[in-house]
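# Structural overview for review
Below are the chains, spelled out letter by letter.
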Amino acid sequence: MIEICIYGRGGQGGVTLAELVAHAAILEGKHAQSMPSFGPERRGAPVLAFLRVDETERIKVRAEIKEPDVLLVLDPGLLGVGDVVSRLKKEGMAILNTIKSHEEMKTKIEANKMATVDAMGIARAVLGLPIVNTTMIGALVKATGIVKLASLEAPMEERFGKVAAKNIAAMRKAYEETVVS
Amino acid sequence: MKKEKVVGLEGSFAVSEAVRMANADVIAAYPITPQTHIVERLSEMVAEGELDAEFICVESEHSAMSACVGASAGGARVFTCTAGQGLELMHEVLYIPSSMRLPVVAVVANRALSAPLSVWCDHSDMMAVRDIGWIQMLAENNQQAFDLTLCAFRIAEDNEVLFPTMVHIDGFHLSHVIEDMRLPDAEEVAGFIPDYKHPFALDPDKPVSMGCYGPPFIYPETKRAQEVAFEKVMPKILETWKVFGDRFGRYYAPVEKYRMGDAKIALLTMGSYSETAMLAIDELRAKGEDVGLIRLRLWRPFPFKEFREAVKGVEVLVVLDRCVSFGMGGPVCSEVKSALYDQQKKPHVVGFIGGLGGRDIPIEGFEYMIQSALEKVKAIERGEEVETEMIGIRE
């Protein structure tokens, strides 16, 4: 089982991200669980969502994820808030939206493995909006291979209708641009 | 072969699918967190023509249940859903369908009660309605939320039952979680839910009075009649779950056991944390401890026979309550103790209160309760008084 914590801010779509990937995994015949950590549902406030994917076993645990295998941060500003990074497992992977270089982030954040992408830049260019959730799915898939990129198309079409195509394009662009090491 | 497909569905949408497939006639509900998605999805289904039902937009939960009572008295298949304070506002009217034998089906997304204001899950709301004459059952995952909602219609509307039925799904833990589940074919479901006709529905050609004035010369007889009728509900619940299991392959029971073979220590849970508790049992079993898990699927009528059967041979029973009965401890624990009072051989019962207002209980939390209970039993055996412990409290 892979356990993922998604940190974002209200309005960035972290919960939707978890749900879309869960749907994609289930379509692939895997077991998945997306679980929001509901707090004050305000635009801009820190929001945490959980995602579990298991290739073979039904997922029974419903407790919050305390030590994720993967930490996905939608908003660079959250890296300085509370215990965001310290929760990550020693052998875990941090996936970050940042305008800074991969090398610079490697010196700043302590993580065994790291993936970085300028998701905000891609979202602004492709979607025309500063909403990075679907873009960061591209980074997540590149960094973990948790699902196939194509498996996200149907869930996105169902969720976004007319604007699905742009979101799929943003995801694919982020998949290409994400640096992993 | 069973026709079904694996889908990813949020608990709320799973419930809405069950209501759609059961082909409800009237839905009256008021949105409240964490139940809102059920109402939203159902209103969408009605608006899109996917469900041919009357959706009554009411101004409160009190009105929602009042509308349900009227529609059910008219012979309609009726559904509502609510949570927390909404169930409390509905409380006054909840007694009416149970004493007028109107088979309203309600789903409650369990939520804590104010104050302080909490939208998160615990079982305070469902415990506050345990004495109202409704059948109450609990789901542990989204599959069960769907299955039990379907079963609720068949149980409630059985002409030998005709009691309103509540299905409890833990707020957020099920209502807002997307997970994989099996969705049966609509035709298969249609075959499971028979056509419904209330034997004494309101009819202008055959006028009847309902909910009349009950002076002392008749009121106790009506309550006795209600109690006698409620005592006959259990066989119908068992029958429905058997028919459901034979058709869909998933069997339910009033009390369900997990790794209870030769268990000397048993943990008792209800609702969505039960599967997390199973993982704690697995870990303790791996260490060689004789522990198992008992889950109450049915809360009303209380399954006395099945419960006593399940704890046979158990020496320590550890009960988790997600509600406080102030000055009394936990309501499930006190009920369990009363169910065992007359038994010659009975386990020590140790109660804990946890998971209030959405507070997380990790796997270790269940392991802690079991270890701590063994210490408490030693104290009980020394003749000391042991209080109900609230777990994970910062002092």
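The shown structure was predicted, so the numbers you read here are calculated from the model rather than taken from an experiment.

## Remarks on the sheet that holds strand β6 (residues 113-117) of chain A
- With mixed pairing, the nine strands of this open sheet are ordered in space as β7(A)-β6(A)-β5(A)-β4(A)-β1(A)-β3(A)-β2(A)-β8(B)-β1(B). The open sheet has two edge strands with one neighbour each: β7 (179-180) of chain A together with β1 (4-10) of chain B.
- For β6 of chain A and β7 of chain A, the ladder comprises two bridges, and the chain directions are antiparallel. Its bridge partner lying in β7 of chain A, T116 of chain A is registered against V179 of chain A.

## Section: the state of the cysteines
Residue and element names in this part refer to chain B.
- Applying the stated criterion to the full structure yields zero disulfides over all chains.
- Between C151, a free cysteine, and C81, which holds the nearest cysteine sulfur, the sulfur-to-sulfur gap is 18 Å.
- Judged by its relative accessible area of 0%, C151 is buried.

## Description of helix α1 (residues 14-27) of chain A
All names here are of chain A.
- Taking 1.5 Å of rise per residue, 14 residues should cover 20 Å, and α1 covers 20 Å from first to last C-alpha, within 8% of that figure.
- The element α1 is largely enclosed, with a buried count of eleven among its 14 residues.
- Taken as a whole, α1 has its buried residues at G14, T16, L17, A18, E19, L20, V21, A22, A24, A25 and I26.
- In the stretch just after α1, G29 is the one whose phi turns positive, near 85°.

## Comments concerning the interface of chain A and chain B
- Listed as interface residues are 20 residues of chain A and, on the opposing side, 26 residues of chain B.
- Of the roughly 1,900 Å² buried where chain A meets chain B, counting both sides, 54% is carbon and sulfur surface.
- For the pair chain A and chain B, the number of links is three salt bridges.
- Of the charged contacts, one joins E275 of chain B and R62 of chain A as a salt bridge, the two residues approaching to 3.3 Å between their closest N and O atoms.
- Linking chain A to chain B there are ten residue pairs in polar contact (both at pLDDT 80 or more).
- Elements represented by at least two residues in the side of chain A that touches chain B include exactly α1 and β2 (31-37) of chain A.
- A total of six residues in the side of chain A that touches chain B trace back to one element, the largest contributor, which is β2 of chain A.
- When grouped by side-chain class, the residues that make up the side of chain A that touches chain B number eight nonpolar, five polar and seven charged.

Criteria and thresholds
Residues numbered from 1 in each chain as written. Chains lettered and ligands numbered in written order. Predicted model: local features only at pLDDT ≥ 70, side-chain atom pairs only at ≥ 80, totals over all residues. Heavy atoms only, no water. Pairing = 2+ DSSP bridges. Helix = DSSP H or I, 4+ residues; strand = E, 2+ residues; numbered from the N terminus. Disulfide = S-S within 2.5 Å. Buried < 20%, exposed > 50% of the residue type's maximum accessible area, 1.4 Å probe, protein only. Expected span 1.5 Å × (residues − 1). Contact = heavy atoms within 4.5 Å. Buried area = accessible area lost by both parts, 1.4 Å probe. Salt bridge = Lys/Arg side-chain N within 4 Å of Asp/Glu carboxyl O. Polar contact = N/O pair within 3.5 Å; in protein donor to acceptor, adjacent residues only side chain to side chain. Nonpolar A, V, L, I, M, F, W, Y, C, P; charged D, E, K, R; others polar.

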